[in-house]
Amino acid sequence: MASSAPPTEHERTGDASAAPPAGRRDRRPVLGWAAVGAVAGGLFLLVVSRALIDDTYITLSYVRNVAADLHWGLIPTETANSATSPFNVLSLAAVTWLVSLVTGDVRPVLGLGIATVAWCALLTGATAATARRLGRSGAWSVALLAVVLANPFVNSAIGLEVLPIAALLAGLTWAAVAGRPVAFGLVAGVLVLTRLDLGVIVAGVFLLTPAVRGWRAPVLATAVVLPWFAFSWTVLGSAIPDTFVIKTLQRSFGDFTFANGPFTLWLDRGVLQLSLAFVPALAGIAVAVALAVPRVRRRHPGLAGPLAGLVVGGLAWYAAYSLLQVPPYQWYYVPTTVALATAGVLGAALFLPAPRVRAVRHAVPLGLAALAVALLAVTSGDRPVPWDRPVYFGAWALPEEYREIGAEVAAIVGDETVEAPGEIGTLAYACGCEMVDYFSDRGIAVGLVEERTEQAGPLMRALLDANFARLDRGDRPLTPEWRLRWTQGAVPEGAYTWPTDSPATGPATIYLKRVP
């Protein structure tokens with residue numbers, strides 16, 4: 001009588017993370033869930049496509065200029081370095097350029113739509129692969145996608161780097177759980193190119209995951225990021241974007257700081273809206289605490305490090321931005337809330353029972369996804385579909401109003417320079433003209449760099465001096481022939497005027513007047 005084989009590590013411990021590598025399995029279920037994510041991303045885009053915020057149009061202006069002329073700047077005539085996410089701009093520009101080969105036109109919004117579908121597919125595909133390694137249903141990938149898209153910090157900043165962050169964190173988690181240091185290093189490098197400060201979260205996962213530690217991941221990540229940072233430092237005069245200077249000089253919105261923003265500014269916009277971001281994040285913290293228990297950690301050794309790393313890294317991000325005292329822009333909360341939510345959803349997949357019947361295994365995550373979608377619909381309030389503005393909105397005019405005004409300004413000013421009224425993204429995109437402020441005119445940014453350096457302590461001053469060592473300090477601001485202004489008061493005689501009515505600020509007027 002043949003003797004039975006000794007039990008495997010998985011059979012002895014019940015550790016789902018010790019399951020066979022995904023490369024040895026049928027990949028069709030993973031691709032199937034990725035397709036579901038792509039469809040969901042397309043439907044989501046139909047809802048939000050007309051509600052893109054002002055900063056998204058700053059990105060799209062860069063995308064248009066790169067795709068059309070390989071020009072790095074917000075306006076066609078001036079080189080700038082105010083795009084916070086080089087990878088987001090470059091990837092969107094690549095998609096937009098490829099689309100232009102078919103359509104004959106450079107259409108960044110269409111490129112954004114295609115990229116959005118792709119990021120949603122990548123998020124669900126990577127998460128499904130992770131769930132299968134845990135011996136859980138790939139439907140948990142749909143639950144995570146729904147939780148991410150329902151997050152108001154995410155859906156109120158589509159077009160910025162929010163979806164790449166979510167998808168790449170899902171990929172980083174898969175690489176960590178699978179023990180793939182090469183894949184981990186490559187994804188880590190792209191994350192740092194997406195936002196330099198995402199290195200905080202990458203470091204958290206790396207340091208707490210023995211399976212990817214070693215020299216390969218850091219070397220590969222460095223190889224991914226070094227070419228861009230070398231180019232940016234040499235050609236653009238700064239390795240990091242000028243937005244670091246711009247945003248840290250802004251400090252806060254009055255009493256609303258980054259540290260207290262969720263509990264003051266954003267809580268005032270609705271408890272339910274904020275809960276869609278923070279309840280999944282709190283679940284992630286609970287998962288990390290559970291995995292810190294020695295008995296639980298020993299039972300799930302392959303998962304404890306990656307999920308705890310997401311939580312530690314996400315909280316470290318929040319602490320770092322609080323210390324920087326930047327304003328509470330909604331997209332600044334995405335890395336923390338998405339990293340923690342990723343840990344929360346995967347932790348739920350791990351700790352909740354996994355029934356043997358397939359339909360039942362799918363029921364819980366799909367039910368969670370349906371709940372998130374329903375709550376998103378509730379929090380959208382009285383917005384039409386497609387939305388005319390996102391859930392979190394603070395601009396002086398609705399996106400459609402800005403697009404119409406920008407197009408009319410273009411017909412008036414022609415090739416002359418116009419000074420932006422304080423919000424530039426949508427107006428400059430629609431105008432396609434020489435519209436200037438510190439995001440588009442490097443001469444203005446130079447003055448801000450000098451101001452920020454003077455305010456810095458010895459260490460920060462040394463870092464800023466090194467970063468801006470090749471900056472042309474002699475660059476001077478452009479002289480505008482026209483000025484755009486937003487006012488709720490009197491309008492000068494003889495000005496071109498446009499009424500606006502933003503739910504964030506109320507009725508007002510934007511006017512255009514030639515500089516005397």
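Remember, predicted model here, so these are calculated numbers, not experimental data.

1. Regarding a positive patch on the surface
- Taken together, Arg295, Arg297, Arg298 and Arg299 make up a surface patch of like positive charges.
- Along the polypeptide, Arg297 turns up in helix 14 (residues 294-299).

2. A few points about the state of the cysteines
- A complete count under the given rule lists 1 disulfide for this structure.
- Between the sulfur of Cys431 and that of Cys433 lies a disulfide, 2.0 Å long from S to S. Judged by the sign of its S-S torsion, about 115 degrees, the cystine formed by Cys431 and Cys433 is right-handed.
- Judged by its relative accessible area of 9%, Cys431 falls in the buried class.
- Of the residues examined, Cys433 reaches a relative accessible area of 6% and is grouped as buried.

3. Concerning a nonpolar patch on the surface
- On the surface, Trp97, Leu98, Leu101 and Val102 cluster together into a nonpolar patch covering about 460 Å² of accessible area.
- If you trace the backbone, Val102 turns up in helix 4 (residues 86-103).
- Classification of Val102 by relative accessible area gives exposed; the value is 73%.

4. Concerning the nonpolar core
- By size, the foremost hydrophobic cluster in this structure holds 158 residues, and its most contacted members are Phe153, Phe184, Met435 and Leu484.
- Per-element tally for this core: the top contributor is helix 8 (residues 162-178), with 14 residues.
- In this view, Phe184 contacts Leu172, Ala175, Ala176, Val202, Val205, Phe206, Val212 and Ala217; residues no more than four positions away in its chain are not counted.

5. Topic: helix 12 (residues 243-250)
- With 6 of 8 residues buried, helix 12 is to be regarded as a mostly interior element.
- For helix 12, the complete set of buried residues consists of Thr243, Val245, Ile246, Lys247, Thr248 and Leu249.
- Looking at the buried side of helix 12, the elements it contacts are helix 3 (54-69) and helix 20 (442-455).
- The first or second residue beyond helix 12 is Arg251, which carries a positive phi of 70 degrees.

What counts as what
- Residues numbered from 1 in each chain as written.
- Predicted model: local features only at pLDDT ≥ 70, side-chain atom pairs only at ≥ 80, totals over all residues.
- Heavy atoms only, no water.
- Patch = residues over 30% accessible without salt bridge, like charges linked within 9 Å, V, L, I, M, F, W, Y side chains within 5 Å.
- Areas by Shrake-Rupley, 256 points an atom, 1.4 Å probe, with all protein chains shown as cover.
- Salt bridge = Lys/Arg side-chain N within 4 Å of Asp/Glu carboxyl O.
- Lys, Arg positive; Asp, Glu negative; His and termini not counted.
- Charge placed at Lys NZ, Arg CZ, Asp CG, Glu CD.
- Helix = DSSP H or I, 4+ residues; strand = E, 2+ residues; numbered from the N terminus.
- Disulfide = S-S within 2.5 Å.
- Buried < 20%, exposed > 50% of the residue type's maximum accessible area, 1.4 Å probe, protein only.
- Core = buried A, V, L, I, M, F, W, Y, C linked by side-chain atoms within 4.5 Å.
- Contact = heavy atoms within 4.5 Å.

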